[in-house]
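The primary structure of each chain is shown beneath.
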Amino acid sequence: MNMIVRLLAGLTLWAAAFSLIYAMEGAACALEWHQLSFGPLNAARTLLVGLWILSLLALAYLSWSFWPRARMGGTLDRVAFGAALAGLAAAAYTGMPTATLSLCL
Amino acid sequence: MNALRRHRDLARIWDSPPGWRGALASVNHSQLGIRLILTAFIFFLIGGILAMLIRAQLATPGSAFAGPDVYNQLFTMHGSIMMFLFAIPMFEGFAIYMLPKMLGSRDFAFPRITAYGWWCYLFGGSLLIIAMLAGLAPDSGWFMYTPLSSKPYSPGINSDFWLLGITFVEISAIVTAVDIVVSILKVRAPGMSLDKMPLFAWYMLVTAGMMLIGFPPLILGSVLLELERAFGWPFFDAARGGDSLLWQHLFWLFGHPEVYIIFLPAAGVISTILPVMARTKILGYGWIVGAILALGFLSFGLWVHHMFTVGIPHMALAFFSAASTLVAIPTAVQIFAWIGTLWSGRPQLRMPMLYLIGFFVTFVMGGLTGVMVAVVPFDWQAHDSAFVTAHLHYVLVGGFVFPMFAAAYYWLAHFTGRQRQYRLGTLAFWLIFVGFNMTFFLMHLVGLLGQPRRIDTYPEGIGWTFYNLLSSVGSFVLAFGIALFVIDISLQFFHAPRSRRNPWRAGTLEWGMSLPPPSYNIGSIPHVESRDPLEDDPRLAHRLAAGKGYLSEPRRGWRETMAVDIVTGRADHILVVPGNTMLPIVTALVTGAFFVLMLLKFYWLTPLPLAGMAWLGWRWAAALGRKEDVGPLPIRGEETALTHAEVEDPPGWWGSAFLLAADATFFGALLFGYAYLWTIAPNWPPPRLMEASLLTLGLGLLGAGVASAARHRPAAQREGLGLAGTAAMLIALTLSAFFAPPPTEHAYNAALGVMFGYAGFHVFVALLAQLFVLRRRRAGYHSAARRAEPRIAQLWTDYAAGVTAIVLTASHVPALMA
Amino acid sequence: MLAGSTAILLLVCGLIAFAFLKRRPASPAKRVWIVGAGLVFPITVLTALLAYGLVIGERLLPRQSSDLVRVSAESSQWRWVFGYDGGGRRTYDALHIPAGRPVDVVLTTADVIHAFWVPRLGGKMDAVPGRQNVLRIEADRPGIYAGVCAEYCGIGHARHGFRVVAHDAAGWQAFSAGDRP
Ligand code: HEM
Ligand SMILES: [Cu+2]
């Protein structure tokens with residue numbers, strides 16, 4: 001059972017982060033948080049980029065914690081590690097727009 | 001016991017009785033798998049005929065062959081039939097037939113569910129065909145966008161046929177997915193650890209998992225739209241706080257994963273056939289498993305790319321554009337693993353391989369145009385044009401139909417016990433391949449020239465005529481090829497010499513049995529040591545028939561097969577599956593009665609079939625179980641194992657858990673809808689909020705807590721507390737619903753209505769489950785060893801408690817704060 | 001994009017053909033096939049493509065601009081009503097715009113979802129009940145452009161077209177001044 005959880009962990013985390021960021025983007029635009037700012041920081045942008053970085057940290061930690069088993073264990077341990085890395089890469093790739101594109105246009 | 005005796009005894013236990021009664025009552029996976037495949041193929045032919053009519057209409061400008069009203073029914077039915085009644089049931093049927101054989105078991109975990117799934121599919125599909133023959137077919141397109149499909153703009157019964165018929169079929173898909181997941185995880189040959197499973201099982205495991213997550217949003221959408229159409233609950237009506245985009249989100253949340261749900265089983269077929277054709281082993285097993293997992297998840301992050309033009313901010317589009325390009329990577333990993341496999345072996349150009357080459361060329365093109373439309377500005381141009389029609393057929397026909405035709409030739413001997421003899425197939429392939437490309441390649445071009453999709457006609461003199469005419473000619477070449485394919489296959493059925501065992505010299509277990517296989521598949525169950533058991537031991541089939549494996553001695557008339565530990569594949573217990581029964585067909589008929597009454601708008605009669613279903617559900621569970629402990633039984637040599645009735649987590653528990661997972665996605669989608677409407681929809685806030693009350697909220701939460709915490713008590717106390725807690729939840733929900741404003745007034749009210757209804761339904765199910773356990777304990781069905789039933793009932797109770805707590809909080813708290 | 005796709009398609013076909021033509025099994029190098037061809041190659045291509053697409057996408061967004069013209073388009077089954085100057089003037093099934101200037105079309109619908117698409121002016125946008133969507137278009141030179149409804153909208157969908165008339169500066173002045181076009 002643990003094996004199954006590990007196989008699914010990385011990508012599930014990506015899915016959660018992806019949905020959360022998308023939902024927050026929708027909410028931020030609907031509630032006009034992009035008009036709000038704290039000093040130099042735009043509220044909506046800070047929220048989105050913050051979530052993105054948090055998700056990257058979580059996935060990086062996860063991948064790192066799977067590494068020892070991947071080195072020693074069998075095929076599925078390596079797959080679990082690979083899936084966590086894939087989650088990390090996917091999060092980096094799909095979250096990039098939070099930092100680079102214009103808000104709510 | 002010699003092989004012949006064993007065969008006779010097993011056949012007596014597993015065979016279906018002859019005659020129509022036997023056919024109606026059969027729960028055998030091989031029979032049902034073949035029935036699903038045949039039914040799906042018939043729907044494919046019907047969908048194909050509709051496609052021919054579409055192309056006939058579009059062949060010339062200003063054609064008067066079909067008017068717009070007929071044309072709209074044609075393409076709606078073509079799309080819906082191909083997606084819901086052909087593709088999904090086809091691979092389900094294939095998986096139902098093949099998986100137990102590949103996994104070295106004798107049947108699926110829930111044979112009665114397998115049968116129920118097929119009947120529901122047959123009845124639901126027939127409803128749609130009846131609608132079509134009556135000229136009342138749905139006509140709002142296969143994605144049924146609101147408000148076009150809502151009552152004011154589609155007043156007829158057409159859309160109701162779609163919503164109810166498809167939901168009926170989806171119920172079958174969900175229960176079948178549970179069946180598949182549990183069977184793959186639990187019902188395998190001992191020794192087959194997860195990393196020794198044939199790749200096809202991995203593909204089906206992920207596919208079925210995706211179905212559990214992907215289909216509930218569509219079912220929710222259909223329920224909401226039917227509520228709006230039938231009773232005026234305004235979920236999608238912007239004037240009353242609804243939002244037509246909510247439908248699009250729910251639909252595509254299902255609709256995009258759906259495409260991968262269709263592709264993955266076909267990819268599983270390729271990963272199985274291709275190495276055999278190349279006389280080698282697949283390259284990168286672990287990589288492929290990783291790629292399947294990645295596809296399974298990433299494909300849920302694409303749905304908004306169908307909504308690039310609805311006016312969502314560019315940043316949000318960018319998330320989905322990124323995910324849509326990303327999903328090409330695990331696909332590329334698989335494609336290159338396959339090509340690498342071809343390189344490392346000595347590929348032979350046999351019939352299945354020919355179709356696989358057709359797959360490669362077609363699917364890669366579909367993938368490339370897919371990457372193009374994933375780029376937002378390009379999609380702003382190509383969206384909803386004939387370019388997209390071309391793209392989707394390259395993916396679906398290339399990625400599903402070609403591999404399935406390869407599968408047909410590869411496994412034909414399995415179904416018929418005969419070998420291929422006639423050579424019509426090659427000609428059929430070339431007609432199909434050329435005809436297909438001619439039909440659809442041109443559609444890319446005319447799409448870029450500006451031809452929208454779903455138009456019943458177009459004017460002359462704008463340069464579209466030539467492409468459309470050639471495309472229609474191509475489609476008739478294609479149709480001719482398919483007709484030849486049908487003839488070729490039918491000939492093999494009737495007139496070909498018998499095949500020997502394992503004609504392709506493959507390594508997977510499904511070839512380790514006589515052809516066509518007996519109803520029980522294998523005389524005894526092997527101990528699996530590697531990914532290619534037949535390669536390790538080419539005489540395995542004989543040894544199994546001679547009883548050298550597990551469960552070689554039939555006993556007590558039981559249908560026995562082995563259940564294993566999920567990850568390690570260690571022998572865990574003996575699964576005794578139920579035999580033939582009329583319950584599946586009767587339940588499917590009663591389910592169908594509910595849908596038909598809804599269709600005919602006899603709403604006041606619907607409680608009847610619902611009560612019938614509750615009663616049948618009770619019977620369904622009551623048919624199992626035993627009043628005495630049997631303890632460990634021999635399985636092979638000195639080894640013994642318990643039967644599933646005496647273990648902690650029998651497949652039934654897993655089945656409930658996965659069904660609840662699908663249910664939870666449904667609930668999650670409902671909460672998403674509620675939150676979405678609240679933040680995004682126009683015409684909010686509602687005129688008034690519900691009358692919230694701390695008392696009601698407290699009562700409900702208390703009830704939920706008590707019902708769930710009761711598990712730690714001894715049986716009698718647990719039952720009492722459980723019932724008390726459940727009753728409290730029921731009262732709290734009824735009170736809340738009573739003090740909520742009328743649902744037709746605003747989407748807020750309607751959403752609350754559905755949430756209360758959903759929670760109430762589950763509390764009711766929990767109540768039934770608890771009463772069932774109470775009765776069964778008194779009747780002597782439970783003991784210290786036989787303890788699974790209360791555990792399963794507790795699962796349902798906990799779920800109901802969780803749902804009630806969330807629903808009450810989400811409804812009362814915002815109203816209390818305001 | 002087209003050339004790149006063709007090249008990739010040919011590459012894949014070539015690789016498959018070679019698998020059949022070669023004499024003996026080539027040694028399977030997982031690293032080359034899966035990591036090289038399956039990961040590195042698509043990641044590179046796709047990242048470049050995505051970045052390119054997003055940059056273009058940003059440029060097409062309806063931002064503020066001094067010579068911007070705003071028109072409205074109300075779609076219904078099966079007609080287009082275009083409004084100018086905040087709705088003061090209306091035209092039916094023909095949209096008038098100045099050539100060479102950015103135009104924001106504000107899209108609404110009176111009934112079901114429709115979509116505004118002028119293939120030669122690029123881009124399309126849906127008209128969704130309860131919302132106002134804005135599509136930025138620009139015609140390079142004066143002329144008449146055919147437009148279609150791109151979202152299926154019922155029986156009249158195929159005939160739910162319209163025209164866009166792009167005027168030169170003088171023509172636009174005349175149109176704005178109220179002359180019948
Ligand atoms: C057998 C050959 C086939 C032909 C000649 C064909 C032809 C067509 C044509 C011409 C359309 C466009 C209708 C329009 O836009 O007005 C269409 C739509 C569609 N086809 Fe096919 N098709 C075939 C097979 C399939 C298969 C195998 C599938 C799925 C597995 C499929 C799924 C669809 C879908 C989903 C639509 C969109 C329907 C809609 O717009 O609502 N088709 N087909
Ligand atoms: Cu329209």
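Residues numbered from 1 in each chain as written. Chains lettered and ligands numbered in written order. Predicted model: local features only at pLDDT ≥ 70, side-chain atom pairs only at ≥ 80, totals over all residues. Heavy atoms only, no water.

The name given to chain C in an unreviewed UniProt entry is Cytochrome c oxidase polypeptide II, with the source organism recorded as Pacificimonas flava.

The name given to chain B in an unreviewed UniProt entry is cytochrome-c oxidase, with the source organism recorded as Pacificimonas flava. A UniProt comment under Pathway (unreviewed entry) is attached to chain B, and it reads "Energy metabolism; oxidative phosphorylation." As recorded by UniProt, the Subcellular location (unreviewed entry) comment attached to chain B reads in full: "Cell membrane". (UniProt positions renumbered as here; feature names shortened; annotations may be inferred.)

Enquirer: Before we move on, could you go through the overall build of chain B and cite the residues and values that matter?
Expert: Within chain B, the regular secondary structure consists of 25 helices and four strands. Relative to the compact-globule value of 28 Å for 818 residues, chain B shows a C-alpha radius of gyration of 27 Å, a close match. For chain B, the C-alpha atoms occupy an extent of roughly 80 × 75 × 45 Å along the three principal directions. Each of the 818 residues in chain B was classed as buried or not, and the buried ones make up 66%. Nonlocal contacts in chain B, meaning residues at least 24 apart in sequence, comprise 82% of its contacts between residues at least 6 apart. Roughly 26,600 Å² of accessible area belongs to chain B as shown, and the carbon and sulfur atoms make up 69% of that amount. Taking the 53 positively charged and 43 negatively charged side chains of chain B as two groups, their mean positions are separated by 10 Å. (Helix = DSSP H or I, 4+ residues; strand = E, 2+ residues; numbered from the N terminus. Rg over C-alpha atoms; globule rule 2.2 N^0.38 Å. Buried < 20%, exposed > 50% of the residue type's maximum accessible area, 1.4 Å probe, protein only. Contact = heavy atoms within 4.5 Å. Areas by Shrake-Rupley, 256 points an atom, 1.4 Å probe, with all protein chains shown as cover. Lys, Arg positive; Asp, Glu negative; His and termini not counted. Charge placed at Lys NZ, Arg CZ, Asp CG, Glu CD.)

Enquirer: Describe the site of ligand 1, with residues and values.
Expert: Residue and element names in this part refer to chain B. As a structural note, the neighbourhood of ligand 1 is formed by 23 residues, with Tyr71, His78, Trp142, His393 and Arg454 the closest of them. With respect to ligand 1, the side chain of Arg453 contributes an N or O atom lying 3.1 Å from an oxygen atom. Looking at the shell around ligand 1, the elements with two or more residues in it are helix H3 (29–58), helix H4 (68–103), helix H14 (386–416) and helix H15 (424–448). In terms of residue class, the shell around ligand 1 is made up of 15 nonpolar, five polar and three charged. (Near = heavy atom within 4 Å. Polar contact = N/O pair within 3.5 Å; in protein donor to acceptor, adjacent residues only side chain to side chain. Nonpolar A, V, L, I, M, F, W, Y, C, P; charged D, E, K, R; others polar.)

Enquirer: A description of the sheet that holds strand S7 (residues 124–127) of chain C should follow, citing residues and the corresponding values.
Expert: All names here are of chain C. Read from one edge to the other, the open sheet built from five strands follows the order S4-S10-S9-S6-S7, with strand pairing classed as mixed. Bordering the open sheet on either side are strand S4 (94–98) and S7, each of which pairs with just one other strand. Sheet twist, expressed as the mean angle between neighbouring strand axes with direction ignored, is 25 degrees. Bridging between strand S6 (residues 114–117) and strand S9 (residues 143–149) involves two bridges; their strand directions are antiparallel. If you follow Trp117 over to S9, its bridge partner there is Val148. (Pairing = 2+ DSSP bridges. Axes fitted to C-alpha atoms, helices over the stretch in contact; angles between N-to-C directions.)

Enquirer: Could you give me a rundown of the pattern of salt bridges, with the residues and numbers involved?
Expert: Pairing between side chains becomes possible if they bear opposite charge and their charged atoms approach one another. Residues and elements named next belong to chain B. Counted under the stated rule, the structure contains 26 salt bridges over all chains. Taking the shortest distance from any N to any O, the salt bridge between Asp9 and Arg12 comes out at 3.0 Å. One end of the pair, Asp9, and the other, Arg12, are both in helix H1 (residues 3–14), three residues apart, so they sit about a helical turn from each other. Residue Asp9 is classed as buried on the basis of its relative accessible area of 12%. (Salt bridge = Lys/Arg side-chain N within 4 Å of Asp/Glu carboxyl O.)

Enquirer: Account for empty space enclosed by the protein, naming residues and giving values.
Expert: All names here are of chain B. Applying the stated rule across the entire model yields six cavities of 30 Å³ or more. In this structure, the largest cavity occupies an estimated 130 Å³ of space. Lining the largest cavity, in full, are Ala707, Ala710, Arg718, Glu719, Gly722, Gln770, Val773, Pro790, Ala793, Gln794 and Thr797. Counting residues per element, the ones that place at least two in the lining of the largest cavity are helix H23 (715–738), helix H24 (747–778) and helix H25 (788–817). Top contributing element to the lining of the largest cavity by residue count: H25, with four residues. (1 Å grid on protein atoms, 1.4 Å probe; cavity = no way out; pocket = protein on both sides within 12 Å on 5 of 7 lines; lining within 4 Å. Points joined across faces, edges and corners; volume = space filled by probe spheres on them.)

Enquirer: Go over the coordination of the iron atom of ligand 1 with me, naming the residues and quoting the values.
Expert: Coordination of the iron atom of ligand 1 by the protein is provided by B:His78 (NE2) and B:His393 (NE2), with metal-donor distances spanning 1.9 to 2.0 Å. By relative accessible area, B:His393 is classed as buried at 15%. (Donors = N, O, S within 2.8 Å, 3.2 Å for Na, K, Ca; no water.)

Enquirer: Just give me the short version of the packing of aromatic side chains, but keep the residues and values in it.
Expert: All names here are of chain B. This model, assessed by the stated rule, comprises 82 aromatic pairs over all chains. Consider the rings of Phe43 and Tyr121, whose centres lie 5.8 Å apart with planes at 55 degrees: the pair is tilted. One end of the pair, Phe43, is in helix H3; the other, Tyr121, is in helix H5 (residues 111–133), with 78 residues separating them in the sequence. Each of the two residues, Phe43 as well as Tyr121, counts as buried. When the centroid spacing of 5.6 Å and the interplanar angle of 80 degrees are considered together, the rings of Trp678 and Tyr748 count as edge-to-face. Of the two residues, Trp678 sits in helix H21 (residues 651–680) while Tyr748 sits in helix H24, which places them 70 residues apart along the sequence. Taking relative accessible area as the criterion, Trp678 reaches 33% and is therefore assigned partly exposed. Directly above the aromatic system of Trp118 lies the positively charged group of Arg35, at a separation of 5.0 Å from the ring centroid. (Phe/Tyr/Trp six-rings, centres within 6.5 Å; stacked < 30°, edge-to-face > 60°. Lys NZ or Arg CZ within 6 Å of the ring centre and 35° of its normal.)

Enquirer: Break down the coordination of the copper ion (ligand 2) for me, with residues and values.
Expert: Residue and element names in this part refer to chain C. Coordination of the copper ion (ligand 2) by the protein involves His114 (ND1), Cys149 (SG), Cys153 (SG) and His160 (ND1), with metal-donor separations of 2.2 to 2.3 Å. One way to put it: the four donor atoms around the copper ion (ligand 2) meet at angles of 94 to 122 degrees, and that makes the site tetrahedral. Between consecutive donors of the copper ion (ligand 2), the numbers of intervening residues give the motif H-x34-C-x3-C-x6-H. In this pair, His114 sits in strand S6 while Cys153 sits in the loop between S9 and strand S10 (162–167), placing the two residues 39 residues apart along the sequence. Of the residues examined, His114 reaches a relative accessible area of 0% and is grouped as buried. (Tetrahedral: all angles 85-135°; square planar, octahedral: opposite > 155°, others 65-115°.)

Enquirer: Tell me about a positive patch on the surface, and name the residues and values.
Expert: Residue and element names in this part refer to chain B. Among the surface-exposed residues, Arg350, Arg423, Arg500 and Arg505 lie close enough to one another that they form a single positively charged patch. Relative to the elements of secondary structure, Arg350 occurs in the loop between helix H11 (328–344) and helix H12 (351–374). You can call Arg350 partly exposed: its relative accessible area is 38%. (Patch = residues over 30% accessible without salt bridge, like charges linked within 9 Å, V, L, I, M, F, W, Y side chains within 5 Å.)

Enquirer: Help me get a handle on the domain arrangement of chain C, residues and values and all.
Expert: Domain assignment breaks chain C into domain 1 (2–60) and domain 2 (69–176). Put simply, the middle of domain 1 of chain C and the middle of domain 2 of chain C, counted by C-alpha atoms, are 40 Å apart. (Domains from an automatic or database assignment.)

Enquirer: Give a description of the interface of chain C and chain B that names residues and reports values.
Expert: Chain C puts 62 residues into the contact, and the matching count from chain B is 75 residues. Taking both sides of the interface into account, the surface hidden between chain C and chain B amounts to around 5,900 Å²; carbon and sulfur atoms contribute 74%. Run the count over chain C and chain B and you get two salt bridges. In this structure, B:Asp243 and C:Arg131 form a salt bridge, with 2.2 Å as the shortest nitrogen-oxygen distance. Seen at the junction of chain C and chain B, the total is seven residue pairs in polar contact (both at pLDDT 80 or more). For the side of chain C that touches chain B, the secondary-structure elements that each account for two or more residues are helix H1 (2–21), helix H2 (30–59), S7 and S9 of chain C. Here the element with the most residues in the side of chain C that touches chain B is H2(C); it accounts for 17 residues. When the residues that make up the side of chain C that touches chain B are grouped by side-chain class, the tally is 42 nonpolar, eleven polar and nine charged. (Buried area = accessible area lost by both parts, 1.4 Å probe.)

Enquirer: Break down the interface of chain C and chain A for me, citing the residues and quoting the values.
Expert: Of the residues lining the interface, eight residues belong to chain C; the matching set on chain A comes to four residues. Broken down residue by residue, the surface that chain C buries against chain A is led by C:Leu54, C:Glu58 and C:Leu61, which jointly contribute 54%. Where chain C meets chain A, there are zero salt bridges. The interface formed by chain C and chain A includes zero residue pairs in polar contact (both at pLDDT 80 or more). Of the residues in the side of chain C that touches chain A, the class split is five nonpolar, one polar and two charged.

Enquirer: Kindly report on the side chain of B:Ser385, identifying the contributing residues and their values.
Expert: Relative to the helices and strands, B:Ser385 resides in the loop between helix H13 (376–382) and H14. Residue contacts for B:Ser385: discarding those within four places in its chain leaves B:Gly447, B:Gln451, B:Pro452, B:Arg453 and C:Trp117.

Enquirer: Account for the sheet that holds strand S2 (residues 79–84) of chain C, naming residues and giving values.
Expert: All names here are of chain C. Taken in spatial order, the five strands make up an open sheet running S3-S2-S1-S5-S8, and their pairing is mixed. Each edge of the open sheet carries a strand with a single partner, namely strand S3 (89–92) and strand S8 (133–137). Across the sheet, the axes of successive neighbouring strands diverge by a mean angle of 25 degrees, strand direction being ignored. Relative to S8, strand S5 (residues 103–109) is paired through five bridges, and the arrangement is antiparallel. Bridging across to S8, Leu107 finds its partner in Asn133.

Enquirer: Explain H5(B) to me, and be specific about the residues and the numbers.
Expert: Residue and element names in this part refer to chain B. Taking 1.5 Å as the rise per residue, H5 with 23 residues should run 33 Å; its terminal C-alpha atoms sit 33 Å apart, in good agreement. Taking burial as the measure, the 23 residues of H5 include 17 buried ones, the bulk of the element. A positive phi of about 75 degrees marks Gly135, the residue just after H5. (Expected span 1.5 Å × (residues − 1).)

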